[in-house]
Amino acid sequence: MKILKIEAGCGHFRKEANGPWSQIDQINKNDLLKLLNLFLEGDVEMDNPSDHELHNEVHKIVYTNIFEKLGSLSESKSAFKDESERKYLSEINKYSAA
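Because the structure is a prediction, the values reported are computed rather than measured.

J.: So what about the overall build of the protein chain? Which residues, and what values?
T.: Each helix and strand counted, the protein chain has four helices and four strands in total. Of the regular secondary structure in the protein chain, the N- to C-terminal order runs β-β-β-α-β-α-α-α. Taken along the three principal axes of its C-alpha coordinates, the protein chain extends 50 × 25 × 20 Å. Every one of the 98 residues in the protein chain was classed for burial, and the buried ones make up 28%. A fraction of 56% describes how many contacts in the protein chain between residues 6 or more apart in sequence connect residues 24 or more apart. Counting every atom, the protein chain has about 6,700 Å² of accessible surface; 49% of that belongs to carbon and sulfur. The distance from the centre of the 13 positive side-chain charges to the centre of the 17 negative ones in the protein chain is 6 Å.

Pasting the structure below:
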């Protein structure tokens, strides 16, 4: 599933697996969390900003930073997911039972 794409010189992201694309300069904190969850849940694809031209400087900065952060996280993806699940296990169990 693709979560970041560059099309017509603009960066785009998805908040949901098959959801609509939004321009990267419209991203907010909640969108970043949803993007991170998609990234951690499965195999995702992202267009490399080095392979495409971003015309808008804001798109270039935001897209490149998100791409790099997710790229560095992919190296330790399973460790991050395991640590997060251990850290919040009691809360997950508490609210899952309710």
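J.: An account of the pattern of salt bridges is needed here, citing residue identities and associated values.
T.: Taken as a whole, this structure holds three salt bridges when the rule is applied. Of the charged contacts in the structure, one is a salt bridge between Lys2 and Asp47, with a shortest N-O distance of 2.7 Å. A residue pair is termed long-range when its members are at least 10 positions apart, and Lys2 in strand β1 (residues 2-7) and Asp47 in the loop between β4 (45-46) and α2 (57-74) qualify at 45 residues. With its nearest N and O atoms 3.3 Å apart, the salt bridge here joins Lys5 to Glu7. By relative accessible area, which is 14% here, Lys5 ends up buried.

J.: I'd like a description of the nonpolar core, backed by residues and values.
T.: The biggest cluster of nonpolar side chains holds 16 residues, and the ones touching the most others in it are Ile3, Leu4, Ile24, Leu35, Tyr63, Ile66 and Leu70. Counting residues per element, the ones that place at least two in this core are β1, α1 (29-41) and α2. Dropping the residues within four chain positions of it, Ile24 is found in contact with Leu4, Gly11, His12, Phe13, His59, Val62, Tyr63 and Ile66.

J.: So what's going on with the pairing of β1? Residues and values would help.
T.: In terms of strand pairing, β1 meets β4 through two bridges, oriented parallel. Counted as the bridge partner of Leu4 is Met46 from β4. What sits between β1 and strand β2 (residues 10-14) in their antiparallel hairpin is a turn of two residues, with Ala8 showing a positive phi close to 55 degrees.

J.: Break down α2 for me, with residues and values.
T.: Note: α-helices contain 3.6 residues per turn, so residues at a spacing of three or four share the same orientation. With 18 residues, α2 should cover 26 Å at 1.5 Å per step; its first-to-last C-alpha distance of 26 Å lies within 8% of that length. Considered for burial, the residues of α2 that qualify are His59, Tyr63, Ile66, Phe67, Leu70 and Leu73. End-on, the buried residues of α2 take up no more than an arc of 130 degrees, which puts them together on one face. A distance of 2.8 Å separates the backbone nitrogen of Val58 from a side-chain oxygen at the start of α2, and that oxygen is part of Asn56.

About the thresholds
- Residues numbered from 1 in each chain as written.
- Predicted model: local features only at pLDDT ≥ 70, side-chain atom pairs only at ≥ 80, totals over all residues.
- Heavy atoms only, no water.
- Helix = DSSP H or I, 4+ residues; strand = E, 2+ residues; numbered from the N terminus.
- Buried < 20%, exposed > 50% of the residue type's maximum accessible area, 1.4 Å probe, protein only.
- Contact = heavy atoms within 4.5 Å.
- Areas by Shrake-Rupley, 256 points an atom, 1.4 Å probe, with all protein chains shown as cover.
- Lys, Arg positive; Asp, Glu negative; His and termini not counted.
- Charge placed at Lys NZ, Arg CZ, Asp CG, Glu CD.
- Salt bridge = Lys/Arg side-chain N within 4 Å of Asp/Glu carboxyl O.
- Core = buried A, V, L, I, M, F, W, Y, C linked by side-chain atoms within 4.5 Å.
- Pairing = 2+ DSSP bridges.
- Expected span 1.5 Å × (residues − 1).
- Arc of directions from axis to C-beta.
- Polar contact = N/O pair within 3.5 Å; in protein donor to acceptor, adjacent residues only side chain to side chain.

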